[in-house]
Amino acid sequence: MLHFDNRLVRELPGDADTRNQPRQVLGALWSPVMPTPVVAPRLIAWSRDLAHEMEIEERDLTSPAWIAALAGNALLPGMTAYATCYGGHQFGSWARQLGDGRAIFLGEAINSAGQRFEMQLKGAGPTPYSRRADGRAVLRSSIREFLCSEAMHHLGVPTTRALSLVSTGETVVRDMFYDGHPVAEPGAVVCRVAPSFIRFGHFELPASRTDRPLLSQVVNFTIARDFPHLAALPMTPDERLARWFGEVCERTARLIVHWMRVGFVHGVMNTDNMSILGLTIDYGPYGWVDDFDPAWTPNTTDADGRRYCFGRQPAIARWNLEQLAGALSFIAADPDELAQALARYDEVLTAEFSQAFAAKFGFAAWRPDDAALVEDAFTLLHEGEVDMTWFFRRLAWTDLQAPDLAILKDAFYSEKSFDEHAADFAAWLSRWVGRVLTDNEPVGVRVARMNAVNPRYVLRNYLAQQAIDRAERGDPEMIGELLEVLRHPYDEQAGREAFAAKRPEWARHKAGCSMLSCSS
Ligand code: AMP
Ligand code: MG
């Protein structure tokens, strides 16, 4: 039986107003709000792995009482329902109060090992933070969030998790591309789970309102609950603040290197979508890089500015950390210490990049002069329109005694491009072979190192879309198939090669496969 320890509502000030109406919430971090029931909930997918970690028995999770809870139709004993108050910088501008407009918490579950699992339902109806929107989520975006959360976890990328996906039997009206064509689409609710859903915006909002007491409370709470190793150290509050912020910087740097390593583009790196624990959070118009292109973004809302494109993610994360530092400086005795802590981001980013990219390219350890070889590879991948995921798996296969460009051919999106760039790739490949030979290692060691960081299977945009198309026609089976394949993303899985296929031509410019909007 799951035990609940709802520390956030116990320790942080709540909203005295209990009406479920859009409003500004001052002096409180959360508002009590019940999910709005749905007519015909159906559990269409769940994560066995996460249920296991949470110690929820499968027969319980699939019982009517749990399904009702996962749909937002009832609470289980110990659960408590609320939405939290945060702000954020959206596309570089301060957006003031945002908050959980379509996420409702169910409380904090604790397993027998003492691990904490904050649970929240995304799409469970309006909250005081919904502004003019409906608090609901469509099935397609819920499938995308459900699958990608679990896929990222198995890739070793820090992320929020997804316990369940429930279709509601109700429709939700969305204008997918904001072009005046609203459509009634099937709705769904995802139960998301994380040790903490605290975001940068939880600190920015009280700072923007010059509410020092609330800001201090949220900081102290977050350190005590989510960074207990820091809470225990003998330090002045100011030292602890800087130390904690430095750790947030480190975690964020690690996260970004993972994204760059696997080819993930978040799509909406607003500060309200930045987790204090450095988790991937808020899966919206995210996407996976197919043909390598640093300027690529899946988010049509960002197509002009490309603020959140693949290659800018490291710089944007830093900008977001600067906003957090700005908010925290409001309660810091010496804001310079926060500025210094920010340097941890740059240091860890560089160190982690070197390590991750040495492994991707199969080097025993990073050497400073490897940078040119790596940069030249990415220039070629871009120019040659080469699939990022395929390239690294194929590179690992290269026979160092007899390197053959033909092995890389399947990673190209067109034969014409392969022919045009073959000479450049051959020249690069011989440099790479020369470099790898200097490590003087057994082949198996290098190949294992590469295959442990270069996934064979990622949730390609078109694969998610195929699962969505089928689920919208009433057949959710592909969701389960993908979930299963993506549990072992680094393994060759006999019989499942189709799930590793490069983006097919039909998906190149198809909505959902290469373009998504924030309303996803
Ligand atoms: P996002 O772009 O998903 O990070 O959302 C930005 C803000 O808009 C957050 O405060 C969300 O809670 C809110 N929001 C997004 N979609 C909805 C919706 N359908 N109903 C209510 N609030 C929403
Ligand atoms: Mg968000």
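Residues numbered from 1 in each chain as written. Chains lettered and ligands numbered in written order. Predicted model: local features only at pLDDT ≥ 70, side-chain atom pairs only at ≥ 80, totals over all residues. Heavy atoms only, no water.

A few words on the site of ligand 1. The environment of ligand 1 is made up of 16 residues, and the closest members are Gly-99, Gly-101, Arg-131, Gly-135 and Asn-273. A distance of 2.8 Å separates a nitrogen atom of ligand 1 from a polar atom in the backbone of Gly-135. At 3.3 Å from a nitrogen atom of ligand 1 is found a main-chain nitrogen or oxygen belonging to Arg-136. Summarising the interface, the protein chains cover 84% of the accessible area of ligand 1, which totals 480 Å² for the free molecule. Taking a 2 Å distance to the grid points as the criterion, the majority of the atoms of ligand 1 fall inside the largest pocket. In terms of residue class, the shell around ligand 1 is made up of 2 nonpolar, 6 polar and 8 charged. Two domains each put at least three residues into the shell around ligand 1: domain 1 (3-194) and domain 2 (204-359). (Near = heavy atom within 4 Å. Polar contact = N/O pair within 3.5 Å; in protein donor to acceptor, adjacent residues only side chain to side chain. Areas by Shrake-Rupley, 256 points an atom, 1.4 Å probe, with all protein chains shown as cover. 1 Å grid on protein atoms, 1.4 Å probe; cavity = no way out; pocket = protein on both sides within 12 Å on 5 of 7 lines; lining within 4 Å. Sits in = over half its atoms within 2 Å of the grid points. Nonpolar A, V, L, I, M, F, W, Y, C, P; charged D, E, K, R; others polar. Domains from an automatic or database assignment.)

Attention now moves to the side chain of Arg-503. As for its placement among the helices and strands, Arg-503 is situated in the segment after α18 (477-485). A distance of 3.0 Å separates the side chain of Arg-503 from the side chain of Asp-291, its partner in a polar contact. Once you skip the residues sitting within four places of it in the chain, Arg-503 turns out to touch Asp-290, Asp-291, Glu-385, Tyr-413, Arg-460, Tyr-462 and Arg-508. (Helix = DSSP H or I, 4+ residues; strand = E, 2+ residues; numbered from the N terminus. Contact = heavy atoms within 4.5 Å.)

What follows deals with the environment of Thr-389. Here Thr-389 is to be found in helix α13 (residues 388-397). On a C-alpha basis, the gap between Thr-389 and Asn-454 in space is 6.9 Å, while along the polypeptide they are 65 residues apart. Those residues in contact with Thr-389 that lie beyond four places of it in its chain are Pro-455, Arg-456, Val-458 and Arg-460.

What follows covers the domain arrangement of the protein. Its domain assignment divides the protein into domain 1 (3-194), domain 2 (204-359) and domain 3 (366-438). For domain 2 versus domain 3, the separation of C-alpha centres amounts to 32 Å. Contact with domain 2, which involves 14 residues of that partner, is made by 10 residues of domain 3. Contact between domain 2 and domain 3 buries roughly 980 Å² in total, counting both sides, with carbon and sulfur atoms accounting for 70%. If you sort the residues of domain 2 by the area they bury against domain 3, Asp-291, Phe-292 and Phe-357 come out on top, with a joint share of 53%. Taken together, the links from domain 2 to domain 3 amount to 0 salt bridges. There are 3 residue pairs in polar contact (both at pLDDT 80 or more) connecting domain 2 and domain 3. Where the side of domain 2 that touches domain 3 is concerned, the elements lending two or more residues are α9 (237-262) and α11 (335-361). Looking at the side of domain 2 that touches domain 3 residue by residue, the class counts come to 8 nonpolar, 2 polar and 4 charged. (Buried area = accessible area lost by both parts, 1.4 Å probe. Salt bridge = Lys/Arg side-chain N within 4 Å of Asp/Glu carboxyl O.)

Note that strand β5 (residues 87-90) and strand β6 (residues 93-97) share 3 bridges and pair antiparallel. Each residue of the ladder has a partner; that of Gly-87, found in β6, is Gln-97. Counting the residues between successive antiparallel strands, the hairpin from β5 to β6 contains 2 residues, one of them, Phe-91, with a positive phi of roughly 50°. (Pairing = 2+ DSSP bridges.)

For the rest of this paragraph, the subject is the coordination of the magnesium ion (ligand 2). In ideal tetrahedral geometry, four donors around a metal make angles of 109.5 degrees, whereas ideal octahedral geometry with six donors gives angles of 90 or 180 degrees. At 1.9 to 2.1 Å from the magnesium ion (ligand 2) lie its protein donor atoms, namely Asn-273 (OD1) and Asp-282 (OD). Given the relative accessible area of 9%, Asn-273 is considered buried. (Donors = N, O, S within 2.8 Å, 3.2 Å for Na, K, Ca; no water. Buried < 20%, exposed > 50% of the residue type's maximum accessible area, 1.4 Å probe, protein only.)

Throughout the structure, instances matching the rule amount to 26 aromatic pairs. Summarising the aromatic geometry, the rings of Trp-30 and Tyr-82 are spaced 6.0 Å apart at their centres and angled 70° between planes, so their arrangement reads as edge-to-face. Taken together, the residues span a long stretch of sequence, with Trp-30 in strand β2 (residues 30-32) and Tyr-82 in strand β4 (residues 82-84) at a distance of 52 residues. Judged by relative accessible area, Trp-30 falls into the buried class, the value being 14%. (Phe/Tyr/Trp six-rings, centres within 6.5 Å; stacked < 30°, edge-to-face > 60°.)

Axes are the key here: two packed helices are described by the angle between their axes and the distance separating the axes. The geometry of helix α5 (residues 139-155) relative to helix α17 (residues 461-472) is characterised by a closest axis approach of 10 Å and an angle of 135° between their N-to-C directions. For the element pair α5 / α17, the angle class is oblique. α17 is crossed by α5, and the crossing has right-handed handedness. For the pair α5 and α17, the contacting residues are Leu-139, Arg-140, Ile-143 and Arg-144 in the first and Ala-464, Ala-467, Ile-468, Ala-471 and Glu-472 in the second. Partitioned by chemical class, the residues of the contact of α5 with α17 number 6 nonpolar, no polar and 3 charged. (Axes fitted to C-alpha atoms, helices over the stretch in contact; angles between N-to-C directions. Parallel < 35°, antiparallel > 145°, perpendicular 65-115°, else oblique. Left-handed = near helix turned anticlockwise from the far one by under 90°.)

Counting across every chain of the model gives 44 salt bridges. Note that Glu-347 and Arg-344 form a salt bridge whose closest N and O atoms lie 2.4 Å from each other. Of this pair, Glu-347 and Arg-344 both sit in helix α11, 3 residues apart, roughly one helical turn. With a closest N to O distance of 3.3 Å, Glu-420 and Lys-416 form a salt bridge. Linking Glu-420 with Lys-416, this pair stays in helix α15 (residues 415-437), spanning 4 residues, or about one helical turn. In this structure, Glu-420 and Lys-416 share a single accessibility class: exposed.

This brings us to unusual backbone geometry. Glycine aside, residues mostly have negative phi angles, and peptide bonds mostly take the trans form. Of note in the backbone geometry, Arg-306 takes a positive phi value of approximately 50° without being a glycine. We classify Arg-306 as partly exposed; its relative accessible area is 33%. Although it is not a glycine, Asn-440 adopts a positive phi angle of roughly 55°. One can find Asn-440 in the loop between α15 and α16 (443-453). Judged by relative accessible area, which is 71%, Asn-440 ranks as exposed.

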